[in-house]
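# Architecture and fold: a report
Here are the chains, one letter per residue:
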Amino acid sequence: MSLAAYCVICCRRMGTSTPPPKSNTYWRDVNTFSTIDIEDHECAVWLLLRKSKSDDRAARLQAVQEMAETRHWHDYQYRIIAQACDLRTLIGLARSKDSDLRFFLCPPPLPSLKEESSVEEELRQLLASLPQTDLDECIQYFTSLALSESSQSLAAQKGGLWCFGGNGLPYAESFGEVPSATVEMFCLEALVKHSEISTHCDKIEANGGLQLLQRLYQLHKDCPKVQRNIMRILGNMALNEHLHSTIVRSGWVSILVEAIKSHHIMEASHAARTLANLDRETVQDKYQDGVYVLHPQYRTSQPIKADVLFIHGLMGAAFKTWRQQDNDQNLSEKVSEDETKYTTCWPKSWLARDCPALRIISVEYDTSLSDWRARCPMERKSIAFRSNELLRKLRAAGVGDRPMIWVSHSMGGLLVKKMLLEASKKPEMSTIINNTRGIIFYSVPHHGSHLAEYSVNIRYLLFPSLEVKELSKDSPALKTLQDDFLEFAKDRNFQVLSFVETLPTYIGSMIKLHVVPLESADLGIGDLIPVDVNHLNICKPKKKDAFLYQRTLQFIRDTLAKDLEN
């Protein structure tokens, strides 16, 4: 009997009131199938499909789990699932760690480019089709810049001003390296901003943006910065549930599945964010641009009992700030699955293994040392502005629903303090205060930094940015923040652990600076531990058994002990 005949019989039987047999029962032993002799797994495929569309949520989740754990099917059986499953099941399989790639159909053929057109030109046309009024100044700036300049003049005139991919400069030692800029990059940067507006996402979709971005993604397989910006746009669009079916039909899921399985943390984390925003079956939270879940990135049966949030500092990034301390051997090693030797992000590699019941989130936002490096000339983001922006994004991600610990480096610690003070004034944010158990500060300049006062005749510090100015020791805002938070933290009985560097930091090749001295890192409560490293390495343990990581791990375990036991 042919497969088609099997399927017809199976589908007819599935439509009857006969309950499906238990998993350890053979189909040929069931009366309803006694007239034919078929393999057990032929009808199992279709019964799992039916189960995946059940009105019972638990049954649907079980069906997806059984599909993901299947290892003995033939190619055509995976294709049956790929072609017949619904959106909910497909996303569930995409977010199942061990799912076979054969569950996911290749993207459909992309439409041909218009005659005498190019990808760059169509990208510019897509950007031009979006509303240009009532926009944030920076969106207007990036949009007009991308539309008005040629790629040659952009690279020549503006190439030294920009960094892309939401990272800014990953750490101060590299700020002399200037990335190349292209019109495509400016268009994508503008589209990232536009995609934060729901109605603009609708326009991007309606004007063929999903297909165009996919073409650009495939063309730039060797350019992570381009791919990251495209993933940021897609992740923002996935925040809009009415666009989910279009995103799936356009073939993005198979691309996302390959990306989330990547050993490169940025590629995997961007894909994980998008898939989590598409997964409304098991995820209620929404992850806005710059909020990345490091663990768990897949669906899991492990109960998540607490959150740990990582907030980087000036010139930092969501991933590189938290990498293992570099050395010559580390830098020469390729990325591998064995992250016990070297990890590009210890919260994801080490902490997730040591504390699997934690949800680990890392936040990213743009900062600059100097207005020479500002990503938008009109953008003047104070600590107060950034704290409210991050607070809103974190609450949308469900931060505050569980017990939590904040982990911060440098200026990130000032943001944490400001966020908690702001949350204490807003009733809708009260859960963040009530569930905050403790805070770790890595070289946070509670009383200011020498960086703000340092004056040297080089372009990067001639015009210090607003972020740097706010770190000045005589800053009234910084003193008020410290006084208010110290009183507040004592009243709330937060557990606090602080580390501080003892070695100077080289900024470029000309400046040697002790960024945060011992007295500035002293919050006034909790333990303060000096460590013989510089400012950049204070949050980068040399290895997993190093004191810096082990003391951090001990604090997290001790502070959350009661919550993790429940």
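Residues numbered from 1 in each chain as written. Predicted model: local features only at pLDDT ≥ 70, side-chain atom pairs only at ≥ 80, totals over all residues. Heavy atoms only, no water.

This part takes up the side chain of Ser-52. If you trace the backbone, Ser-52 turns up in helix α2 (residues 40-52). Relative accessible area serves as the criterion here: at 1%, Ser-52 is assigned to the buried category. A polar side-chain atom of Ser-52 sits 2.6 Å from the main-chain carbonyl oxygen of Leu-49. Excluding its chain neighbours within four sequence positions, the residues that come into contact with Ser-52 are Arg-60, Ala-63, Met-67, Asp-86, Arg-88 and Thr-89. (Helix = DSSP H or I, 4+ residues; strand = E, 2+ residues; numbered from the N terminus. Buried < 20%, exposed > 50% of the residue type's maximum accessible area, 1.4 Å probe, protein only. Polar contact = N/O pair within 3.5 Å; in protein donor to acceptor, adjacent residues only side chain to side chain. Contact = heavy atoms within 4.5 Å.)

Moving on: the pattern of salt bridges. Enumeration over the complete set of coordinates arrives at 18 salt bridges. A salt bridge links Arg-437 to Asp-563; the nearest nitrogen and oxygen atoms lie 3.1 Å apart. In this pair, Arg-437 sits in strand β5 (residues 436-442) while Asp-563 sits in helix α25 (residues 561-565), placing the two residues 126 residues apart along the sequence. Residue class for Arg-437 comes out partly exposed when judged on its relative accessible area of 25%. Taking relative accessible area as the criterion, Asp-563 reaches 15% and is therefore assigned buried. Connected through shared salt-bridge partners, Asp-285, Asp-307, Arg-359 and Arg-402 make up one network. (Salt bridge = Lys/Arg side-chain N within 4 Å of Asp/Glu carboxyl O.)

Looking now at the sheet that holds strand β3 (residues 358-363). By way of backbone hydrogen bonds, the strands of a sheet pair with one another, either parallel or antiparallel. Read from one edge to the other, the open sheet built from seven strands follows the order β1-β3-β2-β4-β5-β6-β9, with strand pairing classed as mixed. The sheet is open, and its two edges are formed by β1 (291-295) and β9 (527-531), each paired on a single side. Strand-to-strand twist in this sheet, taken as the mean axis angle between neighbours without regard to direction, amounts to 20 degrees. Here β5 pairs with strand β6 (residues 495-501) via five bridges, running parallel. When the bridges of β6 are listed, Ile-440 appears paired with Leu-497. (Pairing = 2+ DSSP bridges. Axes fitted to C-alpha atoms, helices over the stretch in contact; angles between N-to-C directions.)

Once that is clear, we can look at the nonpolar core. Grouped together as the largest cluster of nonpolar side chains are 65 residues, with contacts concentrated most on Ile-81, Leu-188, Leu-191, Ile-247 and Trp-252. If we ignore the near neighbours within four places in the chain, the residues touching Ile-247 are Leu-210, Leu-234, Met-237, Ala-238, Trp-252 and Leu-278. The next biggest cluster of nonpolar side chains, apart from the first, holds 44 residues, and it includes Ala-276, Leu-314, Met-429 and Phe-485. (Core = buried A, V, L, I, M, F, W, Y, C linked by side-chain atoms within 4.5 Å.)

Mean pLDDT over the chain stands at 82; residues scoring 70 or higher make up 77%. Taken together, the stretch residues 150-181 has pLDDT below 50 and engages in 88 contacts with residues farther than four places along the chain or on a different chain. In this model residues 328-337 is a low-confidence stretch, pLDDT under 50, and it forms nine contacts with partners more than four residues away in sequence or in other chains. (pLDDT = per-residue confidence, 0-100.)

Moving on: the environment of Thr-502. By secondary structure assignment, the location of Thr-502 is in the loop between β6 and β7 (505-507). Residue classification places Thr-502 among the partly exposed residues on the basis of a relative accessible area of 32%. Residues Thr-502 and Ser-443, 59 residues apart in the sequence, show an inter-C-alpha distance of 9.8 Å. Here Asp-532 takes part through its side chain, which lies 2.7 Å from a polar atom of the side chain of Thr-502.

Remark: a regular strand shows side chains that alternate across the two faces of the sheet. The buried fraction of β1 amounts to five of the five residues, a majority that puts the element mostly inside the structure. Two elements, β1 and β3, share four bridges in a ladder whose sense is antiparallel. Bridge assignment links Val-293 to a residue of β3, and that residue is Ile-361.

Quick look at helix α9 (residues 183-194) now. Over its twelve residues, α9 extends 16 Å from the first C-alpha to the last, a length consistent with the 16 Å expected when each residue adds 1.5 Å. Of all the twelve residues making up α9, twelve are buried; the element is thus mostly covered by neighbouring parts of the structure. Taken residue by residue, α9 has Val-183, Glu-184, Met-185, Phe-186, Cys-187, Leu-188, Glu-189, Ala-190, Leu-191, Val-192, Lys-193 and His-194 as its buried positions. (Expected span 1.5 Å × (residues − 1).)

A cis amide bond links His-295 to the next residue, Pro-296, at an omega of -10 degrees. If you trace the backbone, Pro-296 turns up in the loop between β1 and β2 (306-311). The phi torsion at Ser-410 lies on the positive side, around 55 degrees, for a residue other than glycine. The backbone of Asn-493 shows a phi angle near 60 degrees, a positive value even though the residue is not glycine. Residue placement: Asn-493 occurs in the loop between α23 (476-492) and β6. Exposure remark for Asn-493: the relative accessible area of 57% places this residue in the exposed category.

Direction vectors running N to C along helix α12 (residues 224-237) and helix α14 (residues 252-260) enclose 120 degrees, while the axes themselves pass 13 Å from each other. Considered as vectors, α12 and α14 are oriented oblique to each other. In this structure, the crossing between α12 and α14 has a hand that is left-handed. Between α12, through Ile-230, Met-231 and Leu-234, and α14, the contact on the second element is made entirely by Trp-252, Leu-256 and Ala-259. Grouping the constituent residues of the contact of α12 with α14 by class yields six nonpolar, no polar and no charged. (Parallel < 35°, antiparallel > 145°, perpendicular 65-115°, else oblique. Left-handed = near helix turned anticlockwise from the far one by under 90°. Nonpolar A, V, L, I, M, F, W, Y, C, P; charged D, E, K, R; others polar.)

At their nearest, the axes of helix α11 (residues 209-219) and α12 sit 10 Å apart, and the two run at 155 degrees to each other. It follows that α11 is roughly antiparallel to α12 by the angle criterion. Relative to α12, the crossing made by α11 is left-handed. Here α11 contributes Leu-210, Leu-213, Leu-216 and Tyr-217 to the contact with α12, which in turn contributes Val-226, Gln-227, Ile-230, Met-231, Ile-233, Leu-234 and Met-237.

Below, the discussion takes up the side chain of Ser-96. Mapped onto the elements, Ser-96 comes out in the loop between α5 (87-94) and α6 (119-128). Discounting residues that sit within four places of it in the chain, Ser-96 has contacts with Val-64, Ala-68, Lys-261 and Tyr-298.

It is worth spelling out the packing of aromatic side chains at this point. Summed over all chains, the structure comprises 16 aromatic pairs. Look at Phe-310 and Trp-322: their rings are 5.0 Å apart centre to centre, the planes differ by 70 degrees, and that puts the pair in the edge-to-face class. Within this pair, whereas Phe-310 is found in strand β2, its partner Trp-322 is found in the loop between β2 and α16 (328-332), the two being separated by twelve residues in sequence. A centroid spacing of 5.7 Å and a plane angle of 75 degrees characterise the contact between Phe-488 and Phe-494, whose relative ring orientation is edge-to-face. Each member of the pair, Phe-488 as well as Phe-494, is classed as buried. (Phe/Tyr/Trp six-rings, centres within 6.5 Å; stacked < 30°, edge-to-face > 60°.)

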